[in-house]
Structure formats: C-alpha cells, structure tokens
Number of protein chains: 2
Amino acid sequence: MALSPSARAPLADEVTAKLRAMVQSGEWPLHQRIPSETELMAGLGVSRGTLREGIKALAHSGMLEVRRGDGTYVRATSELSGAARRMYQDHTEQHILEVRLGLDTQAARLAARHATADDVTALRALLTARDQAWAGGDYEAWARADWGFHERVAQASGNPLLHELYLSFGSAFHQDLLKQQRRPGFDGRPHEGHDHLADAIEARDEDAAAATVDRNLNSCAEWLAG
Amino acid sequence: MALSPSARAPLADEVTAKLRAMVQSGEWPLHQRIPSETELMAGLGVSRGTLREGIKALAHSGMLEVRRGDGTYVRATSELSGAARRMYQDHTEQHILEVRLGLDTQAARLAARHATADDVTALRALLTARDQAWAGGDYEAWARADWGFHERVAQASGNPLLHELYLSFGSAFHQDLLKQQRRPGFDGRPHEGHDHLADAIEARDEDAAAATVDRNLNSCAEWLAG
DNA sequence: CAGACATCAAACGTCTAACCTTTAGGCTGG
DNA sequence: CCAGCCTAAAGGTTAGACGTTTGATGTCTG
C-alpha cells in the first residue's frame, strides 16, 4: 500500500493508553474491580498476551493491582505511586523529609495565595477532628486527619501537578507519620503549627505559611534525630 | 505439600525486578542495547510472554525503550521518567514552574549546606561554559550547560532522592528551558542569578541561596507571563 | 569508485490454544 | 451457626507459529 506514513504505535501501547483513560476518566472508579481479561480481550479486540502486557505496565506503575484468582483492581489514578514507593525504599528518612519539606513549603505558599473559603473551612474541620482523635486516643483517626490536612493544603494550592505529586508520595509520607507517632513520648497535640498554618492561609500571608511549614518540619526532623 | 508459606510472587514480577537490577547495577549501561528476547528467555528460564510482560512494565516507566526490529535499549536508570513525562503533558507551564520552584529552592538550600569543594569548582566551570556558549551563539551548548548547572546543584545537595527526582523531571524541565530561549528578546547572559547562587553555595549561606533561586524563577515566571 | 537498489537475517509484535494455580463464594453437613 | 468441601471464574505460564520492521550486507549501475 502506498500509505502508512511510517510506523503504527504498538497495539499493546494503545491498550495501555485506553486502560489508563478508563481509570483517569473515572469510568473505572478507585478500589473497584475492572472487567476480566476475557471480557477486555473481546472489548478491545486484542489477544490475551497483548492485553496482559498493557495491564502489567499499569500494574507496575501502581495504577492497577492484579490479584491472581480474583481480578484486577484500580489502586490509584496516577502512575507515580509505584515508582514513588519503590524510590522511597532506597532512601533514608532524613532525605525523604528534606524532599517533603520542599514540596510542603511550596504547597503552603501557594495555598495562602489561592485557597478558597471552602478550603479554609475544610482545613479547620480536619484540625478539629485531629484534636478530637488525639484526645480520644484513636491513633488511626489522628493519623488520617493529620494526613488529610496536609493533603488538603496541597489541593488548596490550586496546582494540580503539585497535588498529584503529593498524593502519589502520600502513602510513603503517611507511613512516616505513623512511624513518628509510635515513638514513646510523642505528643500529637502540642504541635500547634497546624493551626498557625491554617491562620496564615486564611490571612493570605504566603511568607508566614511557608515559615510555619519550615518550622514544623524542621522541628520534626530534630525530633527524629534526637 | 506442607510448605509454600503463602503465595509466590508472579514470575513476571521477578523478571521485572531482575531486569531493573541489571540496569541499576550498571551491568547494562545507559543507551546500550540489552540482550535479545531470545537470549533473555534462555538466561532467565521463562517463556517469551512472561519475559515480555516484565520488559513492557519497565518500558512503560521509561527505563527501557523497545525498538521493533532492532532491540531494547536502556533509556534511564530511574523509573520515574515515564510517569513524569506523562504528567507534564497534562499541566500548564505555570504549574510546572511552581513545582520546580519548590524543588529548586530546597536543592539550593541543601547544596549550600553540603556542597564540597569539587561541587563548587564544577558549578563555576559550567557557568563559564554557559557564558562562552552564549557568546558564541551556540544555543544547544548553552542549554546543556544551563541544565547541567541546575542538575549539579541538585547533586550537590547531597540528597540522592532529590537528585533522582530532579533527573527524572529533567527532560521536561530542560524542554521548558529550550522553550524560553526560543522566544524573541531572550538574553541568556544577563541572568546573573546563577553566579549569585554559586557564590551563596560557596559561602554556605542557605538563605541567600534559596532567595536567589526564588528570585530567578519568579522573574522567569513573570517573563513567561509577560 | 561511489551511490542507489535488492536481499537477508535478526529482533520485536501479535495471535492461538492449551493447561496450571489461586481465589471467592456457594453448598453441604454437622 | 459454623466449618469444611467444592467448583466456577480469573489470573499465571507455556509453547509454537507467523507477520512486520529494521539494520546490515551485498550487488549492480553510472
């Protein structure tokens, strides 16, 4: 044939793209099982091997989880999480905290610039829940609220890329949080920096927001080292 | 059988791990072609389908590139680049620059804290090369030296995680650089912030280093917007 | 002798078809 | 009501075959 300008993209790559699109569009919601390989083979018109190559690519990047004998589930809407988790295992707490400091500071600064009234309300509510959980001794709820607060700050930054990065690294960040609270003598309440950060964001004071995060995480780093 | 504590990891995942190890250990250097599928099948003792699943996972994450009719090549030593490049396409220059600002600032601060004499020497050399390239009108060399400077700062931070992140996002960052210099009226020399940054790092002045980066990228952002 | 063209082998791309292992959930019997 | 068995469904793995692309080799022509 005279056409075919050059080379078609491999079928398996198209499959990967279609699967990713199904997840990102929300057609396959988080934590839900996607159709079986047999159904997908028919739906996409490819052989099982080709289909599996596409699935495995997304599974490796953390977006899907394949459970033998059961099915395949959506585990994330971004493809960073797998690589992020893998990278985390190779680095020390100190280095992780340093990277987090960079992202957190920037998130706080941008949140102070762009946060909406709803964002502030949500942040306050999370802090209240956090204090209550600590008072009630519910460690799990405390960690969830604490992480929720940080994640909401990232969202309030109005920068989807930053937010997505934060979410992808979130599981590892959160793990660090849990590690902290398990140490003897840890007190989750006195760190009032969270309130100060919420204040700074509401007041649209970028420098104060950034400084607060810097102070919080640095004291956290010292506490880990000490 | 009484053994088999639970479930063995899928063979394809083991293959992926072994391939990644070959790359990260340097046994398969960057830009070099790895053994053919036939050889790997024999070497690893798995079928072609299983092997290809493993290869495709790493190819999708940007570590390998499979070229039909030719072979498979090593394209990166980290697995972030693929996801990073894909994420970049979905976000605006503004948001990219904001994230970069966060990472760059932290890198500069840490470099001021940890940089060795060799680091400083290398930074100075790159700045010299950068100026010469600009004077000679060699745009490509200018961009290479400019990016090399930023990457070296990240390396000098002494934080491997930060450095790896920076490298993974590097291609996209670098692309932004090229976009800038193509605009009419752009002058690559007057931005003397690079020299100031090198000064601050050598003087071990963390705040000055961070402030310089902040000033540079913010002016860059304004220039893009203007 | 240099360049254009034909040829070939190596390597990846895809498909088919089968069999094994694991898992979830229903069924059955106590 | 619970424990254990049983089975259908789903993923894991293998084997072999054939198509397509690419890079290199060799040959022919001007």
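Residues numbered from 1 in each chain as written. Chains lettered and ligands numbered in written order. Predicted model: local features only at pLDDT ≥ 70, side-chain atom pairs only at ≥ 80, totals over all residues. Heavy atoms only, no water.

For the rest of this paragraph, the subject is the pattern of salt bridges. Residues and elements named next belong to chain B. Following the criterion strictly, the structure yields 36 salt bridges over all chains and no others. The salt bridge involving Arg 67 is made with Asp 70; its shortest N-O contact spans 3.6 Å. The class of Arg 67 is partly exposed, set by a relative accessible area of 40%. Looking at Asp 70, the relative accessible area reads 33%, which means it is partly exposed. (Salt bridge = Lys/Arg side-chain N within 4 Å of Asp/Glu carboxyl O. Buried < 20%, exposed > 50% of the residue type's maximum accessible area, 1.4 Å probe, protein only.)

By nearness alone, 21 residues border DNA strand D, and Arg48(A), Arg52(A), Leu11(B), Thr50(B) and Arg67(B) come closest of all. What you see for DNA strand D is that sugar and phosphate hold 71% of its atoms within 4 Å of the protein. In this structure, a phosphate oxygen belonging to DNA strand D sits 2.3 Å away from a main-chain N or O atom of Leu11(B). Only α3 (48–60), β2 (64–67) and β3 (71–74) of chain A together with α1 (11–24) and α3 (48–60) of chain B provide two or more residues apiece to the surface near DNA strand D. For the surface near DNA strand D, a count of residues per class yields 5 nonpolar, 7 polar and 9 charged. (Near = heavy atom within 4 Å. Polar contact = N/O pair within 3.5 Å; in protein donor to acceptor, adjacent residues only side chain to side chain. Helix = DSSP H or I, 4+ residues; strand = E, 2+ residues; numbered from the N terminus. Nonpolar A, V, L, I, M, F, W, Y, C, P; charged D, E, K, R; others polar.)

Across the contact, 36 residues belong to chain B and 36 residues belong to chain A. For the pairing of chain B and chain A, the buried interface totals around 3,300 Å² over both sides, and the portion due to carbon and sulfur atoms is 63%. Contact with chain A buries area across many residues of chain B, yet Glu53(B), Met87(B) and Leu161(B) alone supply 19% of it, more than any other trio. Across the contact surface, chain B and chain A share 8 salt bridges. Salt-bridge contacts for Arg86(A) lead to Glu79(B); the nearest nitrogen and oxygen are separated by 3.0 Å. Where chain B packs against chain A, one counts 18 residue pairs in polar contact (both at pLDDT 80 or more). Looking at the side of chain B that touches chain A, the elements with two or more residues in it are α1, α3, α4 (80–89), α5 (93–114) and α8 (160–168) of chain B. Per-element accounting of the side of chain B that touches chain A gives the leading share, 10 residues, to α5(B). Grouping the constituent residues of the side of chain B that touches chain A by class yields 16 nonpolar, 11 polar and 9 charged. (Contact = heavy atoms within 4.5 Å. Buried area = accessible area lost by both parts, 1.4 Å probe.)

Residue and element names in this part refer to chain B. Strand order in this open sheet of 3 strands is β1-β3-β2, and the pairing throughout is antiparallel. Of all the strands in the sheet, the pair left with one neighbour each is β1 (33–34) and β2 (64–67). Bridging between β1 and strand β3 (residues 71–74) involves 2 bridges; their strand directions are antiparallel. The residue of β3 that forms the bridge with Ile 34 is Thr 72. Against the sheet, α3 contacts β2 and β3, and its axis sits at roughly 115 degrees relative to β2. (Pairing = 2+ DSSP bridges. Axes fitted to C-alpha atoms, helices over the stretch in contact; angles between N-to-C directions.)

In this section: α3(A). In a regular helix each residue adds 1.5 Å, so 13 residues correspond to 18 Å; α3(A) covers 18 Å between its end C-alpha atoms and thus fits that length. Within α3(A) the residues assigned to the buried category are Leu51(A), Glu53(A), Gly54(A), Ile55(A), Lys56(A), Ala57(A), Leu58(A), Ala59(A) and His60(A). Here the buried face of α3(A) lies against α1 (11–24), α2 (37–44), β2 and α4 (80–89) of chain A together with α1 and α3 of chain B. Following α3(A) by one or two positions, Gly62(A) has its phi on the positive side, about 90 degrees. (Expected span 1.5 Å × (residues − 1).)

For the rest of this paragraph, the subject is the relation of the copies chain B and chain A. The transformation that overlays chain B on chain A combines an axial shift of 0.0 Å with a rotation of 180 degrees, and the residual RMSD is 0.1 Å. What the rotation and shift describe, once combined, is the action of a two-fold rotation axis. Rotation axis and chain B: the residue whose C-alpha lies nearest the axis is Ala57(B), separated from it by 2.0 Å. When the interface residues of chain B are mapped onto chain A, 100% of them again lie at the interface, so the same face is used by both copies. (Least-squares fit on C-alpha atoms with pLDDT ≥ 70 in both.)

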